[in-house]
Amino acid sequence: MRKLIPLAPSVRLMPVASSLGAPCLGAERGPQVLIDLGLPAKLRHQGMSCECSPLLSPSASSPDALPDLLANLAEQTAAAIRAGERPLVIGGDHSLAVGVWQGIARALGEMPGLIWIDAHLDAHTPLSSPSGNAHGMPVATLLGALDPTLALEPKKLVMIGVRSHESAERELLDRLGVRIFTAADVAARGLPSVFTEARRLLGDGPWGLSLDVDVLDPVAAPGVSTPVADGLAPAELLLALRGVLRQRACVGCEIAEFNPQHDPDGRTARLLLQLADALAAPDGSTLQRWEKGFGANNYAPLPVVLSEGQGCWLRDIDGRRYLDLMAAYSANSFGHAHPRLLAALNEQAGRLALTSRAYGNDRLPLLLRRLALLTGYERILPVNTGLEAVETALKAVRKWAYKIKGVPDGQAEIIACTGNFHGRSIAITGLSSETQYRDGFGPFPAGLKTVPYGDPAALAAAITPNTAAFLVEPIQGEGGVIVPPAGYLAACADICWRQQVLLIVDEVQTGLGRTGKLFAYQHDPVRPDGLILGKALGGGLLPVSAFLANESLMQVFTPGDHGSTFGGNPLAAAVALAALDVLEEENLVEHSARLGQHLLQRLQQMQAELPIIRAVRGRGLFAGIELQASAVDARKVAEMLLKRGILTKDTHSTVLRLAPPLIIDEATLNWGLEQIAGTLRDLDAQPRMVA
């Protein structure tokens, strides 16, 4: 068996409960608040080994309490360094920095370089301090103003984010030659750029980070003892400090001045948990290695690690921005983090999330009624994933064949189409025509047949007296965004009606506005006997799916025949209700139809200009660009598009799929299409091998 070896430094978390040097009380409670909220777990979740020391508190309220505390802290940080651990000190006021870095210097035999991120210079001496508070003096102390033996070389100190100081402090630091990046410098250059410059200035030797929470804008982080307006943006700080605890030369970090007394709604505490998460975060190559090394080898994701999403845009862990033209195969039809969907999720999660179907809940009946009125179907069976909804449909039509149609027991047949993708369960894989999907997973259930897609005559020829149902996608997405000939579904519906065969339409990917109609089957004048919904119904937040049919089909189910612990849970129902609200109230079906025409026109123009494009297909905001297989692999094109800030996906190595969030606007879509056109132009211009 492979031995799992820790892939990150061991962190020693050191909470220090002290406000001895601060102008007000409250910061001494900060470390315990953060620990109670799960700070150690944040570090461990990122794959770091983390041990938490007992809370260090002042021994007594006396003139020597602060020096004694700093001495104890120095002893602990030195011990951590000698044990091969990386100290992460979270404490009250910033006077603790003296103990932190004195101890680390003692263990290293030298004072490390120091990046000091703070709204204040903290460079007072007892003679210059207007308040006399020790938390305003650690920088001057570390530079030797009070004790020359500490010996932090000025060139090894870089200060970032400063916006409040006394003239005497600045004069001292300028005289010594300390490099200072003010808040204005950061605003002009961006914090990641400034932080990179600070690291360069410190050189290759050991270094540490001291962070005073008051450097952040107090609107975002009010929980500090000495707030100063117009601070740094949290998002920039999180990006700049990502992975700092993992950097080989980093010997320790300190976070000071969190004051829960000024943080009644917990904003600052939550932000500091995010900061701990960022400090311990692995880089993209490490995360990809872990996914490949510890995960089953059933996916080959494109080489990007995403961490944030808003609307039509995503960011990776390095802050790079991408336009989402895939929308998680339509699951994110309403974009990422839609405020109405998040509100519904959070409100319901705080009230009631799961009961199982052993009991009723007050959200599911509302969703069932809403779907029935919206679609005209009499019965809805809620499940979680699209695969479950397809499996539910297969069970329903088989039992219908036996109990209603009179097919002999065990002889029911179900017909699907070549090129289909209904999921990857054993039964559904038995309907697939893809060799890879089937290889090694048989035997499959009997009675599963396929016919060519888009060929009504083939369907008619395949039907026998034992045929229960025809399962079909109105557009084959995984198959390459294959749009059937006009009238195909209508012809199939007529054949099924005459042969007493159920028509079941899989709208997991195409439903809820994707193709410019509420459902893609509505492009033909048909009424399926059963409808399968999923993906977009969960608003990109939860797996929510359903099988819909009239009583004539759904009557085959009786209590105990079929079920799911999570199917129809109140949290999912609340989110699905909100998703339907967004769909209707933001007129996204109409928007998809209008913008879809524009999308197809632009793609047709590309095809006319670029020989590398073999065909374009689609309806609404669902399109495929088929490339000349002899010219390029579509996977390679998808990887090239990543460099231009575009997220799409290939299928069968020949087709790029486009399915942007339905909320996308025309200008944003045009920008994305121009990136695709530019990439394909570059490929078209490349010389090719002649056979």
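In what follows, the structure referred to is the one given above.
Keep in mind that what you see is a predicted model, and the values were worked out from it rather than measured.

(A) Structural context of the overall build of the protein. Secondary structure summary: the protein contains 23 helices and 23 strands in total. For the C-alpha atoms alone, the extent of the protein along its principal axes is close to 100 × 65 × 55 Å. For the protein, the residues scored as buried account for 55% of the 691 residues in total. Taking contacts inside the protein between residues at least 6 apart in sequence as the whole, the part at least 24 apart equals 73%. Surface accessibility of the protein: about 29200 Å² in total, with carbon and sulfur atoms responsible for 53%. The distance from the centre of the 61 positive side-chain charges to the centre of the 70 negative ones in the protein is 7 Å.

(B) Region of interest: the environment of D263. Structurally, D263 can be placed in the loop between strand 8 (250-256) and helix 10 (267-279). According to the relative accessible area criterion, D263 is buried, its value standing at 6%. Apart from residues lying up to four places away in sequence, D263 is in contact with P222, G223, F258, T268 and A269. Within polar-contact distance, the side chain of D263 engages the backbone nitrogen of T268 at 2.8 Å. At a separation of 3.1 Å, a polar atom in the side chain of D263 contacts the main-chain amide nitrogen of A269.

(C) Structural detail: the packing of helix 22 (residues 634-643) against helix 23 (residues 666-685). Relative to each other, helix 22 and helix 23 sit at 125 degrees, their axes nearing to 10 Å. The angle between helix 22 and helix 23 falls in the class oblique. Two packed elements cross with a definite hand, and for helix 22 against helix 23 that hand is right-handed. From helix 22, K636, V637, M640 and L641 reach across to helix 23, where they touch Q675, I676, T679, L680 and L683. When its residues are assigned to classes, the contact of helix 22 with helix 23 shows six nonpolar, two polar and one charged.

Parameters and conventions
Residues numbered from 1 in each chain as written. Predicted model: local features only at pLDDT ≥ 70, side-chain atom pairs only at ≥ 80, totals over all residues. Heavy atoms only, no water. Helix = DSSP H or I, 4+ residues; strand = E, 2+ residues; numbered from the N terminus. Buried < 20%, exposed > 50% of the residue type's maximum accessible area, 1.4 Å probe, protein only. Contact = heavy atoms within 4.5 Å. Areas by Shrake-Rupley, 256 points an atom, 1.4 Å probe, with all protein chains shown as cover. Lys, Arg positive; Asp, Glu negative; His and termini not counted. Charge placed at Lys NZ, Arg CZ, Asp CG, Glu CD. Polar contact = N/O pair within 3.5 Å; in protein donor to acceptor, adjacent residues only side chain to side chain. Axes fitted to C-alpha atoms, helices over the stretch in contact; angles between N-to-C directions. Parallel < 35°, antiparallel > 145°, perpendicular 65-115°, else oblique. Left-handed = near helix turned anticlockwise from the far one by under 90°. Nonpolar A, V, L, I, M, F, W, Y, C, P; charged D, E, K, R; others polar.

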